[in-house]
Structure formats: C-alpha cells, structure tokens
Amino acid sequence: MARSITYREAINEALAQEMERDPSVIVMGEDNAGGQGSPGDEDAWGGVLGVTKGLYHKFPGRVLDTPISESAFIGAAVGAATGGLRPVAELMFIDFMGVCFDQIFNQAAKFRYMFGGKAVTPVVVRTMWGAGLRAAAQHSQSLLSVFTHIPGLKVVAPSNAYDAKGLLIQSIRDDDPVIFAEHKMLYDVAGDVPEESYAIPFGEANIVREGGDVTIVAIGRMVAMAQDAATELASSGVECEIVDPRTVSPLDTDTILESVENTGRLVVVDEANPRCSLATDIAATVAQDAFGSLRAPIQMVTGPHTPVPFADSLEDLFIPDAAKIAGAVKTAVDWKK
Amino acid sequence: MTDERIQRMTMPKWGLSMKTGKIVEWFVAEGDTITKGDDVVDIETDKIAGTLESPVGGLIRRIIAEPGTELPVGAVLAVVAPTEVDDAEIDAVVEEAKAAVASGALEQDEGPQPQLVEVGGHTISYLTLGEGGEPVVLVHGFGGDKNSWLFVQQPLSEDRAVTVLDLPGHGASAKDVGDGSLETLAGVVTGFLDAVGIERAHLVGHSLGGAVVAAVAKAAPGKVASLTLLAPAGYGERADAEYLRGFAAATSRRELKPLLGRLFADESLVTRQLVDDLLRYKRLDGVDKALATVLGTLLTDADTQAIDTPALLEGVDVPVTVVWGESDRILPPPDGVGERVAAGHMLHMEAANDIVRHLR
C-alpha cells in the first residue's frame, strides 16, 4: 500500500529496507551520530538535515560517523566497495566534492574499465544540491553536469518522494558508483510511496504530464516549477508535455526525442549555471538528432552564469520559476520564421 | 432539516485511488425527468473516463457541476426533486453543496480502506463495500488488481456486500505465489472466503480470475452460489501470448504502453496514469518472479492456453454466466460461448455498466 511520506522519509526508508535486506550495505558520513560517535537519540543527528535519523541505533555498527574529511571517508567508501561492501556515503553538500574529487572521478569511476570488468565499485555517494536554502555560494550549487561528464559514474536526481525511494534502492543494488543527488528544497515535500521495496531502473525518464504543443525537460526541483507553468499555460490553451529524466547519466534520450518529435518544440529547465550544463547537453542532443522535427529554436531556462547569491532577493532571481518557464514556452510557441 | 423528497446525485468513487472526478459532458438537462440507471454524465478520473448511471430517479431541478470542473468524491453534482419542492429549498441544498466543496471537508474523507488477512501463509489485501444480500466476490486477472473493478464494485454494493481482493503476487497482496498453479490460486481464494467469514458467495472472475473462480467452484462447490466469468482464461487454445509474455517482461513505459492498448477496444483509454500505475506495480520487489511463475500457469511452451476451464466446470452445479468483450484481442471470444458486450478484453472497465446489469 502506498501512503504519503516526505522525500526525506522516502530516502530513509530506502536505506533501512536495503540494510535490512542486504547485510553488506553500510552508511557513512558526517554528523550521523552528532559528530562524536556517541549513542543516544539526542546525539544521533542522522546527517546535517536528519535524513539518516534512526538508522544509527537500528543497525548497530553499520552506520559510521566520520570525521570532517571527505577525501578520507569517500576514499574509504570507494575502497570498501571494491572489497565487497555496498557503502552509502553522505557527502553533505555537492559543493564539497572538490576535496574528494580524485577518489570519485579518477578512482571509483575507472576501476571497472581499467581492471577489465574484474572489479566493481558499488558505492553510492548521497549528496545535496540546488539553490533556495539561503545557504550562499558554497552550499547551493547544481554541479550535476560535472559528474555527468565522467564515464563510469551514474548520476541520479530524483524530483519526488516516489522516485527518491525507488532510485536509491536501484543505486544501492547497482554495481557501479552512483552520485545520488538530493535536492535540498524537496526534503519536506510529500508524495505517495509504497511501503514495499521497489527499484526504478536507470535511464528511464518519467512523463510527468502529457501534452502536444511543447516538450519541457526539467530536472530535480524544476519539475514542480514546470508543472506550475504547465497548469497556467493550459488555461490559455497551450499543452505542455513534461519529461523528468530522473537519471541524467544514463540519460533517456529516446523518450526526450520521441516527445520532441510529437511536439516540435523544446524547453529545457535546469537551475544550474548555463555553460557546459545539462541544459546545453540536452539541447545539443535534440538539435542533432531531432532537428527535422523542431518548429522553433530550443529554449533554455537556467540560472545565470554567476555564483548563487546569498541575498534572499537575488537568490530568488537566480532560480528559474514558473513565470520564466511559461515565458520560454510562449517564446517557443509564438515563434515565427 | 432534510426533505426526503430531495435527492442528491453525487460524485461516485470509482476505485480506491479516486479522489476527484472531472465533469466531461452531461446527457441530461435541468427540467428533464430521469429514471434510475439512465446515463447522465461522463466523468473523467485520473485513470479512465466513465459514464455515471443515475443512482436516483425523478425531475432534475438543478445541475450544479459544470463541465470542465473537477470535484471531490461525494460532491453533489445535481439535485433531483419533484415540482412541489419550492425553489428556495433547492437553492438551500445547492448552497450547502457548494459550501461542502469549498470547505475541503470532502477531500479529507478517505472512505473505506483495504484490509489485510493471512491465508495459508499469503498476506491478502481486500476491500468490502456495502452490506447485506448474498455476498459477491470479484477476482481480477493476470497483472491486474482489485482496483480494476473500479466501475463495478461501488454501484453493485448499493444493495449487497461486494468484496474485491488481490490475488497472491498482485496489487497490495504479498508477492509470493508459491508454484503459481491454478489450484494454489483457487486454494487461496477459498481460504480467503473462510478467513473473512463468507460462507457462500457469487463469484465473479475476469480473465485468469475467471479460471480461478471456476477452480474454486470445482474444489469447494458448497461455497459458490453462482459463477460469472468475464473473458475467462481457458476457453480454447488461442491467446495473445505476445501480450502476456511482453507484459510480464516489460520494465519501461516505452515497452509497456503499446502492449496495453491491446487490452481495450478503444486504445485511447490507456492513459498516462494507467501506464504509470502498472509500472509502479511491476517495479515492486518480487513481482517479476510472481508474474513469470503465473505465466507458466496460463501458457504452454507452445504459447497456447494451458488451462481448460470447461473441464473444470464439468459437474459444477451452479448457474454459470460467461460474458466476452466482442473485440477481445487477448483471449479471442470462442464461437458460441457466452454473451457479448461492446468492449475489448477489459470489459469490466470498458463496458462496466453492462457488466453491472449482468451481475444484478
């Protein structure tokens, strides 16, 4: 039976169910136990935003509280994965991956290839991304494209509670390193989630809404923004089809291309900085492989090429919203040669 | 103050998950006199569209629900009352109805929730609506679940208890199907009747469920008052094995959607939500194994039907009704067997009102 739980609860439940099912699954990260390894509910924070709360006591010895040294514990997680465990490491903010990037892109991502398939690295790096939490330039970035660029990594970005649970279970069962990117503004958003375990396969986009006038490809928190825009546009007779890729590596290009072949118009919504981003990547793929179907130039709705501002008013301006998406859709629909 | 002469036509609850419905088109107008059972309005749910047959009869004084509006289950759609009731009283009912929708109170009412019961090691999910009369039990087909009876259970439950259940491996029941044989599935249904205290019931089965209830009647004839088999498995050898095997194997929307069209005469009934719900089911741990196992009960290695339902019915001494959708592409209707309705394989969804009439 499905019932309504939050994105945060869905992630916690996925971890608990996989730890229950498979004794090789472990959790590691900062602040899992209040930073001092002490027992006691008050001290067991469950990570900076409480996502793993409750697991520390439920699975004694399998939830490791690590020092503030990402290069050390991400390296340890990668090593443990090659040694037969299935570690799920929490790298607090995606912005901090710079200090452990070698472990991720030059080690974990390469092992299967360099050892001729004889080694697998089933590590999951859970990390928060996205703007909106008033957390300033060093805690608000959308760096998914950095990981997507690297062969050997899988990159997952759930937009809702149902997908968060099913994609995290798939990430844990997957034999390759997975960057599991949780949008920090979605943690309290609830949705219908089955109590039972389930896995959503990678590389299968979700059609969030069907429509024949324009395809909107949106990622993470932008899916909800696109839905708001589509609701508003429907009242003026413009029907949007919304595609949520769910995983950006692998990317379900077939579903995106099929949709654009039906609608003839594409709007890509990605809150990341605009250069060398998922927006440009998806736009380029469609321009190359569905050029003949396009009836208007591809529109990209992204953040500007700046750090995420700390001032509330500027941060709000940075993030794409329903009005900006609706504007881009109108530009595409109204476009004439 | 309630005036018994005033009757309210309300938004039906077609299936467990239905919370709201959208008014598509009215077939009647204010001032028309209707009888119970008349087609009055088309309503779209997030899964499928259906036609509401009026649960009441009389003079339509007011139609409240405009086409295009989305209203919660239980919202008053129209008011039926004889001419003697004055306009002011009707206006009061309309105002009360609008206030009920505006207050949001209707959305809060979740209605009856499914229950779980243990049957010989299988956890079975079921839902009973209505009370009294000789109970009716509805058994879904391969890959289906209790929600496939969305248009049938509620109207039928107006004057009797109607129970829907999820077979092992399906819906919200546990996913272990054992050997998945017809005997095992029928044994679970028989055990279920015992577990929930149903001594004797009218059994209705769709597709695989039709063969299952036939096997129940053979094994436990005393528990069965009648059988109604809707597009039942096990009549003749032919079946769309490509559909059955494809359904069991499909893991993505792009694989599943084209197959689902074959279930209906009108392929436009396959909505995004229907595909999504089935994918959500298929992704649950254990479902792939359950479907693969039960597939072996349905089909031979040569892709012909493995079940012989007429053989099961030999010596079964209860009334048996067989109904087929005339455009069934999954299990083609055999010549000379049963009645026909205008529908595909999912006749209880596509021609629900005809099926309800048959069952009454």
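Residues numbered from 1 in each chain as written. Chains lettered and ligands numbered in written order. Predicted model: local features only at pLDDT ≥ 70, side-chain atom pairs only at ≥ 80, totals over all residues.

### Digging into the overall build of chain A
- Tallying secondary structure elements over chain A gives twelve helices and 14 strands in all.
- Computed over C-alpha atoms, the radius of gyration of chain A comes to 20 Å, within 12% of the 20 Å expected from 2.2 N^0.38 for 337 residues, which places it in the range of a compact globule.
- Along the longest, intermediate and shortest principal axes, the C-alpha atoms of chain A span 65 × 45 × 45 Å.
- Scored against the burial criterion, the 337 residues of chain A give a buried share of 53%.
- By sequence separation, contacts in chain A at least 24 residues apart represent 77% of the contacts at least 6 residues apart. (Helix = DSSP H or I, 4+ residues; strand = E, 2+ residues; numbered from the N terminus. Rg over C-alpha atoms; globule rule 2.2 N^0.38 Å. Buried ≥ 20, exposed ≤ 12 C-beta atoms within 10 Å, placed from the backbone. Contact = placed C-beta atoms within 7 Å.)

### Describing the overall build of chain B
- Within chain B, the secondary structure is distributed over twelve helices and 16 strands.
- For chain B, whose C-alpha radius of gyration is 21 Å, the value lies close to the compact-globule estimate of 21 Å for 360 residues.
- Counting only C-alpha atoms, chain B reaches 70 × 45 × 40 Å along its principal axes.
- For chain B, buried positions account for 47% of its 360 residues.
- Sequence separation of at least 24 residues holds for 66% of the intrachain contacts in chain B that already meet a minimum separation of 6.

### Section: the domain arrangement of chain B
All names here are of chain B.
- Entries for chain B in the domain assignment read domain 1 (7–108) and domain 2 (115–359).
- Here the C-alpha centroids of domain 1 and domain 2 sit 31 Å apart.
- Contacts between the two partners involve 14 residues from domain 1, matched on the other side by 14 residues from domain 2.
- Of the residues assigned to the side of domain 1 that touches domain 2, the class counts are six nonpolar, four polar and four charged. (Domains from an automatic or database assignment. Nonpolar A, V, L, I, M, F, W, Y, C, P; charged D, E, K, R; others polar.)

### What about the interface of chain A and chain B?
- Contacts between the two partners involve 14 residues from chain A, matched on the other side by nine residues from chain B.
- Residue composition of the side of chain A that touches chain B, grouped by class: seven nonpolar, three polar and four charged.

### Digging into the sheet that holds strand β9 (residues 206–209) of chain A
All names here are of chain A.
- The sheet built from five strands is open, its strands ordered β9-β11-β10-β13-β14 with mixed pairing. Only two strands of the sheet have a single partner each, and these edge strands are β9 and β14 (299–302). Ignoring strand direction, the axes of neighbouring strands in this sheet form an average angle of 25°.
- Bridge count for β9 against strand β11 (residues 240–244) is three bridges, and the pairing is antiparallel. In the strand pairing of β11, Ile207 is matched with Val243. (Pairing = 2+ DSSP bridges. Axes fitted to C-alpha atoms, helices over the stretch in contact; angles between N-to-C directions.)

### As for unusual backbone geometry
- Pro250(A) follows Ser249(A) through a cis peptide bond whose omega is 0°.
- Positionally, Pro250(A) belongs in the loop between β12 (247–249) and α9 (253–263).
- One non-glycine residue, Arg134(A), adopts positive backbone phi at about 55°.
- Here Arg134(A) falls in the partly exposed class, since 13 other C-beta atoms lie within 10 Å of it.
- Unlike most non-glycine residues, Ala231(B) shows phi in positive territory, near 40°.
- For Ala231(B), the position within the fold is in the loop between β14 (224–230) and α6 (241–249).

### Describing the confidence of the model for chain B
- On average, residues of chain B carry a pLDDT of 93, and 99% of them reach 70 or more.
- For this predicted complex, the interface confidence reaches an ipTM of 0.90, while the overall pTM sits at 0.89. (pLDDT = per-residue confidence, 0-100.)

### A word on the packing of helix α8 (residues 222–234) of chain A against helix α12 (residues 322–334) of chain A
Residue and element names in this part refer to chain A.
- The contact between α8 and α12 brings their axes to 8 Å, and the two run at 55°. Put simply, α8 runs oblique to α12. As for the relative orientation of α8 and α12, their crossing is right-handed in sense. Between α8, through Met225, Ala226, Asp228, Ala229, Glu232 and Leu233, and α12, the contact on the second element is made entirely by Ala322, Ile325, Ala326 and Val329. (Parallel < 35°, antiparallel > 145°, perpendicular 65-115°, else oblique. Left-handed = near helix turned anticlockwise from the far one by under 90°.)

### Concerning helix α12 (residues 352–359) of chain B
- Among the residues making up α12(B), those that are buried are Ala352(B), Ile355(B) and Leu359(B). What you see down the axis of α12(B) is that its buried residues fit within an arc of 60°, all on one side. (Arc of directions from axis to C-beta.)

### Focus on the pairing of strand β13 (residues 201–206) of chain B
Residue and element names in this part refer to chain B.
- With six of its six residues buried, β13 lies for the most part within the structure.
- Of the two faces of β13, the one lined by Ala201, Leu203 and Gly205 and the one lined by His202, Val204 and His206 are each fully buried.
- Sheet analysis places strand β11 (residues 136–139) next to β13, joined by four bridges and oriented parallel. Residue pairing for β13: Val139 is matched across the bridge by Gly205.

### Here's the deal with the nonpolar core
Residue and element names in this part refer to chain B.
- In this structure, Val139, Val189, Leu203 and Val212 are the most contacted members of the largest nonpolar core, which totals 106 residues.
- It is helix α5 (residues 208–219) that provides the largest number of residues to this core, a total of eight residues.
- Per-domain counts for this core show at least three residues from each of domain 1 (7–108) and domain 2 (115–359).
- Dropping the residues within four chain positions of it, Val212 is found in contact with Val139, Leu182, Leu185, Ala186, Val189 and Gly205. (Core = buried A, V, L, I, M, F, W, Y, C linked by C-beta atoms within 7 Å.)

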